[in-house]
Every structure is written in C-alpha cells, then in structure tokens.
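Chains, contacts and geometry: an overview
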Amino acid sequence: MRYIEPHGHMVSRVTDDYVDMVTAGCQAVCEPAFWAGYDRSSVNGFHDYFCQLTDYEPKRAAKFGLPHFCWLCINPKESEDVKLAEEVISLIPKFLDRSNVLGIGEIGLNKNSRNEVKVLEMHIDLAARHNQMILVHTPHLEDKLKGTRLIVDALKSDTRIRPEGVIIDHVEEHTIKIAMDAGFWGGMTLYPESKCSPARAIDMLENYGSERLWLNSACDWGVSVPLNVPYTALEMKRRGWTAEDIDKVVYQNPLKFLNQCRKFKLPKV
Ligand SMILES: [Zn+2]
C-alpha cells in the first residue's frame, strides 16, 4: 500500500512514528503550522518554529527516507492578538522560497472571534499576493458550522483566490457540502476522540464520492493516531472498496492537490 499523510504535526511526534508511517507505505508527509502546545510569547518564537518546519524537521524525516513538506502561518488558536499576527505574517514571505514550503496554512478560525476573522483575511491576502495555495483549519464541535461558513465567505469574497488551490480541512457531515459546493477541496481528519472516525469518513466518501477529498491523521499534541490513514484504508478494504479506489483516496487525491505546487516532488521509485 502507498499513501500520503497530508496533515501531520510531526514536530510533536517521536521517531517511532516515522518508522511506523514509512513501514505502512507513507510516501510523503505535509505539516501545517500549528500551535506549539503552548502560546508563543513573541514573533521570535514563530521565527524559530518556521526554521524548525523548513530546516530541522525535513532533515529528521529524511533519516527515515520520508519527504517532508510544510505550510506556514500563525495558527487560529494564537491569532487573537492582531498585532502579533501582523508581525508573524510579515515574517512569512522570507520563508516562502524554501524548498519544502507548499503554501499558507493551517489558517482559519478557532472560536470565530472578530480578531480571528481579521487575521484570516490577512492570511488570505498574503496567499493571494504571493500566489500560494491555502490549507484551512475549521473550528471544533459547536463552532464548526458557523466557522466553516465564515471561512468560505472570506475565501469567496477574495476574487484572487482559486478554489481548486484551497483545501478546507476537518470537514464533517454537516460541513462537507459547504466546502465541496464552493469548489474547494475537503479534508477529513481521523481522530480517536474528537473530529471524525474512520467509519464516519468512509460513510462521507460513499455519500459524496471521492473527488477532491483526502484523509489525514493530524497527529498532534493531543491523543491521536499517526497511522489512521492506513488504518482507514484497511477499513475501506473490509467494506468492499477496491485497491484502486482506496489508492485514489489515500494517494492519488492528495498527490493531485499537492502537485499544484511545483515544489511538491516525490522521489522516483
Ligand atoms: Zn492540524
């Protein structure tokens, strides 16, 4: 089996996770910028984090033969402070030329506050000015529906943004249609506690078809399972999916989306 992990917070994981992912058939991992497990106290914390995502972590992944890519932003959980967000966003352009940077993400909303919306719009403008793809985080639980609508409205109101270059991640049953109808890609995050289970993700794929959708494990600081994509592939097989149809969801779809960035390259097998 082969698959791509399109959303994994590898700085929070141990080397055993890299070994397990590669053993299971992972061909590449993509790491959106996220919360560090604590709020960073200044713009310098983000500078160091962007160096970690673009320099140290790709080297750590390479020790296990795994190509590592990343997305940059100040994440929604830390974007209540608009002044700090302005400082972080002004730092990002100098990192955009680095060889493993795919675009701007994971941007979006956490609590749907006014300041978060302002920072989201600043990120969308940054992506548009630098012709970057976008990866979007949508809020949790009761804030998800409203947050997804606010995010889609913000993206659609900027005419410079190509919908096919945007993925709305963490979609669930009540938000998947909003993302798909607007022409964006959708990501389903497989999680043992919150978010979406493998069974629910497969139900959604069977209801909506497997165009413009990917699966990811997120695997961050919380309780999460870095092998949830291959585990879900096994569950798909059990439910009668063909090997070809599974490959489309776990490998070809992320490849198609990520190939829009010329820097996304897999080593020739
Ligand atoms: Zn994430």
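For the structure itself, look to the data block above.
What you see is a predicted model, and the numbers here were worked out from it, not measured in a lab.

1. A look at the coordination of the zinc ion
Donor atoms from the polypeptide that coordinate the zinc ion comprise His-7 (NE2), His-9 (NE2) and Glu-106 (OE), at 2.0 to 2.1 Å from the metal. Read from N- to C-terminus, the donor residues coordinating the zinc ion fall into the pattern H-x1-H-x96-E. Here His-7 falls in the buried class, since its relative accessible area comes to 0%.

2. A look at the side chain of Glu-106
In this structure, Glu-106 sits in strand 4 (residues 101-108). The buried category is assigned to Glu-106, whose relative accessible area is 1%. Among the polar contacts listed, one links the side chain of Glu-106 to the side chain of His-137, at a separation of 3.0 Å. Residues in contact with Glu-106, not counting those within four places in the same chain, are His-7, His-9, Pro-32, Ala-33, Phe-34, Cys-73, Asn-75, Pro-76, Leu-135, His-137 and His-170.

3. Let's talk about the sheet that holds strand 2 (residues 26-32)
Spatial ordering of the open sheet is given by 1-2-3-4-5-6-7-8, a layout of eight strands whose pairing is parallel. The open sheet terminates on both sides in strands that have one partner only, identified here as strand 1 (3-5) and strand 8 (213-216). In this sheet, neighbouring strand axes are inclined to one another by 25 degrees on average, regardless of whether the strands run parallel or antiparallel. Pairing of strand 3 (residues 68-72) with strand 4, which is carried by three bridges, proceeds in the parallel orientation.

4. Some details on the side chain of His-137
Within the fold, His-137 resides in strand 5 (residues 133-137). You can call His-137 buried: its relative accessible area is 5%. In this view, His-137 contacts Pro-76, Glu-106, Ile-107, Gly-108, Leu-109, Ile-151 and His-170; residues no more than four positions away in its chain are not counted.

What counts, and at which threshold
Residues numbered from 1 in each chain as written. Predicted model: local features only at pLDDT ≥ 70, side-chain atom pairs only at ≥ 80, totals over all residues. Heavy atoms only, no water. Donors = N, O, S within 2.8 Å, 3.2 Å for Na, K, Ca; no water. Buried < 20%, exposed > 50% of the residue type's maximum accessible area, 1.4 Å probe, protein only. Helix = DSSP H or I, 4+ residues; strand = E, 2+ residues; numbered from the N terminus. Polar contact = N/O pair within 3.5 Å; in protein donor to acceptor, adjacent residues only side chain to side chain. Contact = heavy atoms within 4.5 Å. Pairing = 2+ DSSP bridges. Axes fitted to C-alpha atoms, helices over the stretch in contact; angles between N-to-C directions.

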